[in-house]
Amino acid sequence: MSFRFRMRSPLSAVIIIVILFVTLSLGIRPDQAPAASAADCVSIGTPKPALSYTYQQSDSAGGASEFTDRWEEFTETSSRLLTSKSSPKGPGVIISLNRHRVVDDVLILDSSTQTGTDAGRQVDNSTSFQPGVVADPAYRACVGRTWPIPSVMATNESAQGRFSAATPAGTLTIKAIRESVTVPAGRFDTVHYTQVTGQSVDEYWKSTEHGVTVKRTHTMPGGVVVTA
């Protein structure tokens, strides 16, 4: 069964994991979270292994491409994502294995490993985060929730060597929890949230039923990437 979305955002080996799962350690304990009534919150589904999600992407410089994601597994502690992409340099298939945990309604990514090929180039690298990076809202979202995003250390290992760098600090904020969004794949009820880190602003609309992003904008000093 195929499920198509049209999306516009860049895809690259290690960086895409940091962007899509986005960065950083949660600086708030669950008992510090503001109280929210049931009417102020919604449940978020998880990606369905039987479905493939096809995305078209473009940027303000005129670039365009297409890739397909299929979540082969998604649990409270790990996930396995298969990404396939075609390009003039050749097809690519990347498998991403992620280790994560859920804390205070957000997914915290501890490590991510990518293997496969991208445009004919071999991909084999892993990234670990200390103490962990906030990916996005998990299983439940409450309107108005905001989390600080402190900087953490990201360490990448590949054939090119091993290097570490601090991630930029920022904020994760839920803007709306029942926002209707229409994209080429159809109309979806979504959780609308933003991640502001350093000089980048990422805005997401995640389907509450499917647990995947159906729309995204990525704004940075060099331009804008729109997902629709």
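Residues numbered from 1 in each chain as written. Predicted model: local features only at pLDDT ≥ 70, side-chain atom pairs only at ≥ 80, totals over all residues. Heavy atoms only, no water.

Asks: So what's going on with the environment of Gln57? Which residues, and what values?
Replies: Summarising the element assignment, Gln57 is placed in strand β3 (residues 52-59). Remark: the alpha-carbon pair of Gln57 and Ala228, spanning 171 residues in sequence, is separated by 8.3 Å. (Helix = DSSP H or I, 4+ residues; strand = E, 2+ residues; numbered from the N terminus.)

Asks: I'd like a rundown of the state of the cysteines, residues and numbers included.
Replies: A full pass over the atoms with the stated rule returns one disulfide. The disulfide partner of Cys41 is Cys142, and the gap between their sulfur atoms is 2.1 Å. Where Cys41 bonds to Cys142 through sulfur, the torsion about that S-S bond is close to 100 degrees, and the disulfide is right-handed. Note that Cys41 is positioned in strand β2 (residues 41-43) and Cys142 in strand β9 (residues 140-142), a separation of 101 residues in sequence. With relative accessibility at 11%, the residue Cys41 sits in the buried group. Residue class for Cys142 comes out buried when judged on its relative accessible area of 1%. (Disulfide = S-S within 2.5 Å. Buried < 20%, exposed > 50% of the residue type's maximum accessible area, 1.4 Å probe, protein only.)

Asks: Explain the nonpolar core to me, using residue names and the numbers behind them.
Replies: With 14 residues, the main nonpolar core has Val106, Ala141, Leu172, Ile174, Val191 and Tyr193 as its most contacted residues. Looking at this core, the elements with two or more residues in it are β7 (106-118), β10 (146-149), β13 (170-183) and β14 (186-197). Sequence-distant contacts of Ala141, that is, excluding residues within four places in its chain, are made with Asp40, Cys41, Val42, Ile44, Ile174, Ile177 and Val191. Counting residues in hydrophobic clusters, the runner-up holds seven residues, among them Tyr53, Tyr55, Phe67 and Trp71. (Core = buried A, V, L, I, M, F, W, Y, C linked by side-chain atoms within 4.5 Å. Contact = heavy atoms within 4.5 Å.)

Asks: Outline the pairing of strand β11 (residues 153-158), supporting the account with residue identities and numerical values.
Replies: The pairing of strand β8 (residues 121-137) with β11 spans five bridges and is classified as antiparallel. Paired with Gln130 across the bridge in β11 is Met153. Here β11 pairs with strand β12 (residues 161-166) via six bridges, running antiparallel. Looking at the pairing, Thr155 lines up with Ser164 of β12. From the end of β11 to the start of β12, which pair antiparallel, there are two residues. (Pairing = 2+ DSSP bridges.)

Asks: Please set out the environment of Lys175 residue by residue, giving values where relevant.
Replies: Mapped onto the fold, Lys175 is located in strand β13. On a C-alpha basis, the gap between Lys175 and Val143 in space is 6.3 Å, while along the polypeptide they are 32 residues apart. Those residues in contact with Lys175, other than ones at most four positions away along the chain, are Val143, His192, Tyr193 and Thr194.

Asks: Break down the packing of aromatic side chains for me, citing the residues and quoting the values.
Replies: The relation between two aromatic rings is expressed through the spacing of the ring centres and the mutual angle of the planes. Going through the model one piece at a time under the given rule, you end up with three aromatic pairs. A ring pair is formed by Tyr55 and Phe67, whose centres lie 5.2 Å apart and whose planes are at 20 degrees; its orientation type is stacked. Linking Tyr55 in strand β3 with Phe67 in strand β4 (residues 64-74), this pair joins segments that are twelve residues apart in sequence. Taken individually, Tyr55 and Phe67 each receive the classification buried, so the pair is uniform in this respect. When the centroid spacing of 5.0 Å and the interplanar angle of 10 degrees are considered together, the rings of Tyr193 and Tyr204 count as stacked. Here the residue Tyr193 occupies a position in strand β14, and Tyr204 occupies one in strand β15 (residues 200-207), the gap between them amounting to eleven residues. Note on Tyr193: relative accessible area 0%, which makes it buried. Given a relative accessible area of 1%, Tyr204 falls into the buried group. (Phe/Tyr/Trp six-rings, centres within 6.5 Å; stacked < 30°, edge-to-face > 60°.)

Asks: Could you give an account of the pattern of salt bridges, with specific residues and numbers?
Replies: Evaluated as defined, the whole model comprises eleven salt bridges. Here Arg145 makes a salt bridge to Asp105, at a shortest N to O gap of 3.7 Å. Of the two residues, Arg145 is situated in the loop between β9 and β10 and Asp105 in the loop between β6 (92-103) and β7; the sequence distance between them amounts to 40 residues. Its relative accessible area of 4% is what places Arg145 among the buried residues. Across the pair Arg162 and Glu157 runs a salt bridge whose closest N-O atoms are separated by 3.6 Å. Given the relative accessible area of 60%, Arg162 is considered exposed. Here the residues in one salt-bridge network are Asp104, Asp105, Arg140 and Arg145, joined through shared partners. (Salt bridge = Lys/Arg side-chain N within 4 Å of Asp/Glu carboxyl O.)

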